[in-house]
Amino acid sequence: MPGLYIHIPFCQSKCRYCDFCSFAGLAHLIPRYVAGLAREAHLRAGLWRDIPFDTIYVGGGTPTLLSAEQVEAVLTACGKALDLSRVREASIEANPGTVSLQQLAGLRQLGLDRISIGVQSLRNDELRLLGRIHSANQAREAVRMARKAGFGNVSLDLLFGLPRQTLDHWCETLQQALAERPEH
């Protein structure tokens, strides 16, 4: 069965390594984009209504720039237009620098059951090199908040092969990430 990917192209700042379609400084357009996604789901209903989706993935960009209510509006519009009755996993990407416990709890209550946290590195020097907006401690705290919010399926995104990254640095990040016990 196919999966439904919903792209959120907004970021607080553009990371130096990122070549995904994402834009910094345009968060004021989020309400219009959410409305546009709802319209798009409605327009696709005729083509896709009889196709059962088994996964939903909200990625980006930084989906956690949207409030839980805005994510709910998108998911509700998709649920009205498409066959989501067989969804077995609903995921969202999160940037550690843009999450709060309240927001994560709201996302979990929407039925999102997997969160993919863009840790990238657990070394502050590497995070600065990448242009990330969070620290290593904020990344660890985001994992803890996700767990406290009820996410039992946590994914940690990491980057390997960074400029000046040694094998020891990579092993240090990997060991620290594994200590958080991610499912992915």
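Going by the structure above, here's the rest.
Residues numbered from 1 in each chain as written. Predicted model: local features only at pLDDT ≥ 70, side-chain atom pairs only at ≥ 80, totals over all residues. Heavy atoms only, no water.

Caption draft 1: Up close: the sheet that holds strand β4 (residues 55-60). Here we have five strands laid out as an open sheet, ordered β1-β4-β5-β6-β7, and parallel in their pairing. The sheet is open, and its two edges are formed by β1 (3-8) and β7 (154-158), each paired on a single side. For this sheet, the mean angle separating the axes of adjacent strands, direction not counted, is 20°. Strand contacts of helix α5 (residues 136-148): β6 (114-120) and β7, with the helix running at about 170° to β6, the strand carrying the most contacts. (Pairing = 2+ DSSP bridges. Helix = DSSP H or I, 4+ residues; strand = E, 2+ residues; numbered from the N terminus. Axes fitted to C-alpha atoms, helices over the stretch in contact; angles between N-to-C directions. Contact = heavy atoms within 4.5 Å.)

Caption draft 2: The pattern of salt bridges, seen in detail. One pass over the structure, following the stated rule, counts eight salt bridges. Here Arg 44 and Glu 40 are joined by a salt bridge, their closest N and O atoms 2.8 Å apart. Of this pair, Arg 44 and Glu 40 are both found in helix α1 (residues 30-48), four residues apart, which corresponds to roughly one turn of the helix. A relative accessible area of 33% means that Glu 40 is categorised as partly exposed. Through salt bridges that share partners, Arg 123, Asp 125, Glu 126 and Glu 172 make up one connected network. (Salt bridge = Lys/Arg side-chain N within 4 Å of Asp/Glu carboxyl O. Buried < 20%, exposed > 50% of the residue type's maximum accessible area, 1.4 Å probe, protein only.)

Caption draft 3: Geometry of the nonpolar core. Membership of the largest hydrophobic core comes to 44 residues, with the highest contact counts inside it found for Ile 6, Leu 104, Ile 115, Ile 117 and Phe 151. When sequence neighbours within four positions are dropped, the list of residues in contact with Ile 117 reads Ala 94, Pro 96, Ala 142, Val 143, Ala 146, Val 154, Ser 155, Leu 156 and Asp 157. (Core = buried A, V, L, I, M, F, W, Y, C linked by side-chain atoms within 4.5 Å.)

Caption draft 4: Highlighting helix α2 (residues 68-81). Taking 1.5 Å per residue as the helical rise, α2 with its 14 residues ought to reach 20 Å, and the 20 Å between its terminal C-alpha atoms agrees with that figure. Among all positions of α2, only Ala 68, Val 71, Val 74, Leu 75, Ala 77, Cys 78 and Ala 81 are buried. Looking at the buried positions of α2, the neighbouring elements they touch are β1, α1, β4, β5 (89-94) and α3 (101-109). (Expected span 1.5 Å × (residues − 1).)

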